Amino acid sequence: MRSIVAALFLLILAALPARAEEARPAAAAAFVPLPTSAFAQLPFVEKVDLSADGSHMAGLFGVGGEQRILVTPVAGDRSGMIAIAVPDQTEIAWIRWVGNDDVIVGLYTLMPVETDRWYVSRLISINRKTGKLTRLLWDSGGQNASSVLWVPTDGSKEILVAAQNSIYTNDPEFWPAVYRVDVTTGRKRVEERGRPNIFDWGADHLGRVRFGIGYRDATTKSTLLYRSGGEGLMRMIDSARLSEDEELTIPFHFVPDSDRGFVIKKNAEGRSAVVEVEIPTGKDIRTVYAADDGDIENALLAFNGSRLLGVSTSDRKAPLRWIDPTMAAHQARLEAASPQSVVRIESYSNDLTKLLVRFSTPDNPGLLFYFDATTENLVRLAAMNDAIGGKRLSRAKAVQYKARDGLEIEGILTMPRGRAAKNLPFIVMPHGGPWGHDELTYDYWAQFLAERGYAVLQPNFRGSTGYGAEFEKAGQGQMGFAMQDDITDGVRWAVAEGIADPRRVCIVGASYGGYAAMWGIVKDPDLYRCAISINGVANLRREVNDFGGVMRERLYRGQWQRMTPDFAAVSPINAIDRIKAPLLLIHGKKDVTVDHGQSSRMYAAMKRAGKLVDFVSVPLADHYFTREADRMTLLTSIETFLAKHNPPD
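Everything numeric here is computed off the predicted structure, so don't read it as measured data.

Caption draft 1: Spotlight on the state of the cysteines. Here the structure, examined in full by the defined rule, presents 1 disulfide. Between Cys506 and Cys530 runs a disulfide, and the two sulfur atoms are separated by 2.0 Å. A torsion of 110 degrees about the S-S bond marks the disulfide between Cys506 and Cys530 as right-handed. In this pair, Cys506 is assigned in strand β32 (residues 500-510) and Cys530 in strand β33 (residues 530-534), connecting sequence segments 24 residues apart. We note that Cys506, like Cys530, is buried.

Okay, here's the thing in structure tokens:
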């Protein structure tokens, strides 16, 4: 153990050198910032997954300035790797192996259906030996045909997928059936026929359909139907009215040869826990794991769901907890090798002996390694950004401040390297969602802005995820009000701390953060020197009515409507007369998440009102700017606008 930790430490230490300003002598040359192109570079890989035996990996790799689905050996000869272009105006939801030879990919797009635009999802498979791409269930006539319930681990090729066959609610085939689908040929056979009002299905680790989830949008009532084995009648065992924040208790793991399963719920002590229950009755059997702090948000399972490996939690200090002793030992060993790094196990083989591991820090995008526990061999695969390599950039840390009503708010503060840490030009950068949160990890936007001399605060305002249900619910009714005040209060905290120059503050954000940037210069017109909205929402009334034809439209609309009492009253496009600061709008024309028209209409309205506004429409960009050329356009536009309206010097 000691020898492998020492070897790992030396390898990581060599790859991630000490901070440059600490290593160089006092008479070192003046600070020279990295070029914009270094930050525009696509990451080496995203959504990466290991094959069952750990010999191959698949993911979204940055190739030639664009993302490609690559299937490649982890080591050795890669001349036979498979590369697949991401279809135009399509987003990749996930990538997953079926055994050692086949990869399945979930994708979705926004397309015209009848008189509206709907999100439509489908599956493809890729064989690593032949390179053959197979469309799975693409003959379906329904909206969604990509809900994978189960993947085998015995070398067989058939997966379980739920899919709709119609878009019309009065057609029996609107309700999804469950199919066994051969990933190599695309051949299918019905495993479970669709049933009225059953919109979701669940299977156990043996590939048997064990439950169905019913839903009626007219009442927002959901029901859980269950059966002991893979055949026979299902009976209702639970119900919940989702619009009233009631929740079904749904098993995510089934104890073999029993009616027991694991659920996430509050235990007898009121702590968020994984609890083993008698499924038909809901009676608690035992607490499997209870969180010390925060809520359990998700369970991490073995490949086919046969056992619980760990949980992710809302505890920001330790969000990932491995319960499986093998995985816990791997994590401890790797963290001991690089104590100053964030160590994230990205994927693992079926037997848990082969791992893809990312070592990173908030000031470096990190390195991807392959760890073989059988040989204790750690192999560096790549820097996540080879233009940055092992350079340590600007320091980031978590900070806490109180909102005006006393609520504790956490944010991520990045301080620019090479500058005195006081009275700095300042950027506040609220996250998207709004149901999301920023973490103390590498963020290429924050680091780019810091490299240009700005201090950057990313506030996790009320309504953000990651801090428990009560904090998230605190955002209800507060969109445009206290949620925005939390952002403003972060600026005022930074000014009071002597970090921010109050005369040099701008607000920058994307998606919901873009809304917050526009609304910030409406609500607090004298606070900000400028604003930048990237793929932002200017008209919340339009956004609240657009759910892409999803089944739970009434429920989701109700949840949105609880976020603020009057959407029109807090939509930036309706309050342009209050704007004083110059605004930059940036929007990808191929964005399938926020319509490009949100920015184009805001631009037109600003121009009519005689306001200072610029608009950069990026023809080939999607919501996430997954092309390197588009990232370059994005960052260059930001840099030019800030240099004009809030120069760092």
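That shown, we press on.
Caption draft 2: How the structure looks around the side chain of Ser347. Note that Ser347 resides in strand β24 (residues 342-348). Ser347 sits in the buried class, given a relative accessible area of 3%. At a separation of 3.0 Å, a polar atom in the side chain of Ser347 contacts the side chain of Asp49. Reaching out from Ser347, the side chain makes a polar contact with the backbone nitrogen of Leu50 at a distance of 2.8 Å. Excluding residues within four positions of it along the chain, Ser347 makes contact with Val48, Asp49, Leu50, Lys354, Leu355 and Leu356.

Caption draft 3: Highlighting the confidence of the model for the chain. Scored by pLDDT, the chain comes out at a mean of 89, with 93% of its residues at no less than 70. Every residue in residues 1-28 is under pLDDT 50, and counting partners more than four places away or in other chains gives 36 contacts.

Caption draft 4: Representation of empty space enclosed by the protein within the structure. Scanning the model with the defined rule gives 1 cavity of 30 Å³ or more in all. Here the largest cavity is characterised by a volume of approximately 30 Å³. Along the walls of the largest cavity sit Met429, Trp445, Phe448, Leu449, Val508, Leu635 and Ile638, which together make up its complete lining. When contributions to the lining of the largest cavity are tallied by element, the ones reaching two or more residues are α5 (444-451) and α12 (628-645). The dominant element in the lining of the largest cavity, judged by the number of residues it contributes, is α5, at 3 residues. Within the lining of the largest cavity, the residues separate by chemical class into 7 nonpolar, no polar and no charged.

Caption draft 5: Region of the structure containing the side chain of Glu91. Tracing the sequence through the fold places Glu91 in strand β5 (residues 91-98). No salt bridge forms around the buried Glu91; measuring N to O, its nearest opposite-charge neighbour Lys47 is 7.5 Å away. When near neighbours in sequence (up to four residues on either side) are disregarded, Glu91 contacts Gly106, Leu107, Tyr108, Val592, Asp622, His623 and Tyr624.

Caption draft 6: Molecular detail of the nonpolar core. Counting residues in hydrophobic clusters, the biggest one holds 52 residues, and the most contacted among them are Phe426, Met479, Tyr528, Leu583 and Met602. It is helix α8 (residues 512-523) that contributes the most residues to this core, 8 residues altogether. With 32 residues, the next largest nonpolar core counts Ala446, Ala510, Cys530 and Val618 among its residues.

Caption draft 7: Just the environment of Phe44, in detail. Here Phe44 lies in the loop between α3 (36-40) and β1 (45-50). Along the sequence, Phe44 and Gly59 sit 15 residues apart, while their C-alpha atoms lie 9.7 Å from each other. Phe44 has contacts with Leu60, Phe61, Gly62, Leu368, Ala382, Ala383 and Met384, leaving out every residue within four places of it along the chain.

Caption draft 8: Region of the structure containing the packing of aromatic side chains. One pass over the structure, following the stated rule, counts 17 aromatic pairs. Residues Phe44 and Phe61 carry aromatic rings whose centres are separated by 5.3 Å and whose planes lie at 85 degrees to one another, so their mutual orientation is edge-to-face. In this pair, Phe44 is assigned in the loop between α3 and β1 and Phe61 in strand β2 (residues 56-63), connecting sequence segments 17 residues apart. Classification of Phe61 by relative accessible area gives buried; the value is 4%. Between the aromatic rings of Tyr512 and Tyr515, the centroid separation amounts to 5.3 Å while the plane-to-plane angle is 45 degrees, which identifies the pairing as tilted. With a gap of 3 residues between them, Tyr512 and Tyr515 both fall in helix α8, about one helical turn apart. In this structure, Tyr512 and Tyr515 share a single accessibility class: buried. Joined through ring pairs, the aromatic side chains of Phe461, Tyr512, Tyr515 and Trp519 make up one cluster. Lying over the aromatic face of Trp138, Arg135 brings its terminal NZ or CZ to 5.0 Å of the ring centre. Cation over ring: Lys188 sits above Tyr179, and NZ or CZ is 5.1 Å from the ring centre.

Caption draft 9: Quick look at the sheet that holds strand β11 (residues 177-182). Strand order in this open sheet of 4 strands is β9-β10-β11-β12, and the pairing throughout is antiparallel. The open sheet has two edge strands, β9 (147-150) and β12 (188-192), and neither has a second partner. Put simply, the sheet's adjacent strands are angled 40 degrees from each other on average, direction ignored. Across 3 bridges, the pairing between β9 and strand β10 (residues 158-163) is antiparallel. Note on β10: the bridge partner recorded for Ser147 is Ala162.

The rules we used
Numbering of residues begins from 1 in every chain and follows the order in which that chain's sequence is written. Restriction of local features to residues with pLDDT of at least 70 applies here, the model being predicted, together with a cutoff of 80 or more for giving and counting side-chain atom pairs; totals for whole chains, interfaces and linings are based on all residues. Just so you know, side-chain values use all the structure's heavy atoms and leave hydrogens and water out. Cysteine sulfurs are considered disulfide-paired once they come within 2.5 Å of each other. Every helix listed is a DSSP run of H or I at least four residues long, and every strand listed is a run of E at least two residues long, numbered separately from the N terminus. Classification of residues uses two cut-offs on accessible area relative to the type maximum, computed with a 1.4 Å probe and protein chains only: under 20% is buried, over 50% is exposed, and between them is partly exposed. Polar contacts, as counted here, are pairs of nitrogen or oxygen atoms within 3.5 Å of one another; within protein the pair requires one atom able to donate a hydrogen and one able to accept it, and residues that are adjacent in sequence qualify only if both atoms are side-chain atoms. Between two residues, a contact is recorded if the distance between any of their heavy atoms is within 4.5 Å. Values of pLDDT, which run from 0 to 100, indicate the predictor's confidence residue by residue. Definitions used throughout: a 1 Å grid over protein atoms alone; a cavity as a set of points that fits a 1.4 Å probe which cannot get out; a pocket as an open set with protein on both sides within 12 Å along at least five of seven lines; a lining residue as one with an atom within 4 Å of a point. Grid points are joined across faces, edges and corners, and a volume is the space filled by probe spheres set on the points. Gly falls in the polar group here, along with every residue not listed as nonpolar (Ala, Val, Leu, Ile, Met, Phe, Trp, Tyr, Cys, Pro) or charged (Asp, Glu, Lys, Arg). Counted as positive: Lys and Arg. Counted as negative: Asp and Glu. His and the chain ends are not counted at all. Salt bridge, as applied in this entry: a Lys or Arg side-chain nitrogen positioned within 4 Å of an Asp or Glu carboxyl oxygen. Buried Ala, Val, Leu, Ile, Met, Phe, Trp, Tyr and Cys residues form a nonpolar core when they are joined through side-chain atoms within 4.5 Å. Pairing of aromatic side chains here covers Phe, Tyr and the six-membered ring of Trp, requires ring centres within 6.5 Å, and sorts the geometry by plane angle: under 30 degrees stacked, over 60 edge-to-face, intermediate tilted. Working rule: Lys NZ or Arg CZ, within 6 Å of ring centre, within 35 degrees of ring normal, means a charge sits over the ring. For two strands to be treated as a pair, DSSP must find no fewer than two bridges joining them. To obtain each axis, a line is fitted to C-alpha atoms, and for helices this fit is confined to the stretch in contact; angles are then taken between N-to-C directions over 0 to 180 degrees.

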